[in-house]
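Summary of structural features
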Amino acid sequence: LDPRAWLGTATDAGTLDEVTAALGGRARFAGWGTPYVAVDGAHVRCDYRDRRGWKEPGNLLGVTVTVDAPGRASRPEDDDCPTCADLLVRGGSETSEGSGMDVDATVAAVAAALAAGLLTEDVHRVRLADLRPLHASGLMDHVESQLTCTTCRRILCLALRRDGAPTLGHHVLDEARRHPLEPVPPVEQWGDAARIAAAEAAMRYVDHQPGAWFLVEQQGALFLQARYVISSMADDSALVRLDATEVAAYRVGGHDYLSALARRIHDGSPHRPGTPFHDRDLLRGPDGPRLRDEVGAAIANHTWIAEQHRRS
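Here goes a summary of the coordinates provided.

This next bit is on unusual backbone geometry. The phi dihedral of Asp50 falls on the positive side, at around 60 degrees, and the residue is not glycine. As for its placement among the helices and strands, Asp50 is situated in the loop between strand E3 (42-48) and strand E4 (60-66).

Right, dumping it as structure tokens:
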């Protein structure tokens, strides 16, 4: 492969427009910061400094030619990611389920990376701390935790199976979302006393309207997570604790009342300061990230993605 046959007069200083013109195609993006051009059945990915700066000359670091479209498969250079490439611990034997993976050591390595902030955990999947207890219970055919590497952005899928070998794979988002997602049995059926107590203190799912809102409860308090639209290109959700008046109205009006309240939140543009629900949105406070994760864990079995997995 002679890149000059494609790139022509484009140089290291080439902007994305210049490289695209030289390649005779049009720029596409595999997520923000990853532009590429389809050429002759292959894909030319342009890597710019800090994953931006393609409009100014001098920021082009290099180009990579792949068969798979960027975003549909892991980048070749990610195989050497210093953060996540070596988390799989070999040593398969009869004591480690005969798979070529030392499960205990691999889980410990992934847990250490998570604790160090090198990975982030998908709360809509099985939490890493629950992986072994759920597998040991035999209640699920496929138990999987998914964690995103903060360096290469690949998703690590650590899966334990009832009738198969455990695996640790690195995937892009589209691949990871296609993995099986079984409903998690009630914690009373597989957790120890400490885990059951933690579940009792955590948020739990109560009700929802697809695409609009979720109601969760925590130790008697009710919280409504309502989706709202910011613009044609963006939406978000607000988390509001129901006050005494709203709780009383919910006891009378039930699901229909919550739909009406969620509509008020949507129409009230809670992202704008000074609007009625802006200051009540708990996701805007210092505990916002934690609360978002706790709600996500509570509703994991009831999301649109979970429903699609069940149908398939």
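Turning to the sheet that holds strand E10 (residues 213-218), a few remarks are in order. Taken in spatial order, the four strands line up as E9-E10-E11-E12 in an open sheet, and their pairing is antiparallel. The two strands at the open ends of the sheet, each matched to only one other strand, are strand E9 (204-209) and strand E12 (234-241). In this sheet, adjacent strand axes meet at a mean angle of 25 degrees when their direction is disregarded. Strand direction decides the pairing type here: strand E11 (residues 221-231) and E12, joined by eight bridges, are antiparallel. By the bridge assignment, Tyr228 is partnered in E12 with Asp236. Taken strand by strand, helix H7 (residues 244-267) contacts E9, E10, E11 and E12, and its axis lies near 20 degrees from that of E11.

A separate point is the environment of Leu131. You can see Leu131 is positioned in helix H4 (residues 128-137). On a C-alpha basis, the gap between Leu131 and Arg154 in space is 20 Å, while along the polypeptide they are 23 residues apart. In contact with Leu131, other than residues within four places in its own chain, are Val107, Val126, Val143, Glu144, Ser145, Leu158 and Leu160.

Okay, the packing of aromatic side chains next. If you walk through the whole model with that rule in mind, you get two aromatic pairs. Between Tyr48 and Trp54, the ring centres sit 6.4 Å apart and the planes meet at 70 degrees, which makes this aromatic pair edge-to-face. No difference in accessibility class separates Tyr48 from Trp54, as the two residues are buried.

Scoring rules and cut-offs
Residues numbered from 1 in each chain as written. Predicted model: local features only at pLDDT ≥ 70, side-chain atom pairs only at ≥ 80, totals over all residues. Heavy atoms only, no water. Helix = DSSP H or I, 4+ residues; strand = E, 2+ residues; numbered from the N terminus. Pairing = 2+ DSSP bridges. Axes fitted to C-alpha atoms, helices over the stretch in contact; angles between N-to-C directions. Contact = heavy atoms within 4.5 Å. Phe/Tyr/Trp six-rings, centres within 6.5 Å; stacked < 30°, edge-to-face > 60°. Buried < 20%, exposed > 50% of the residue type's maximum accessible area, 1.4 Å probe, protein only.

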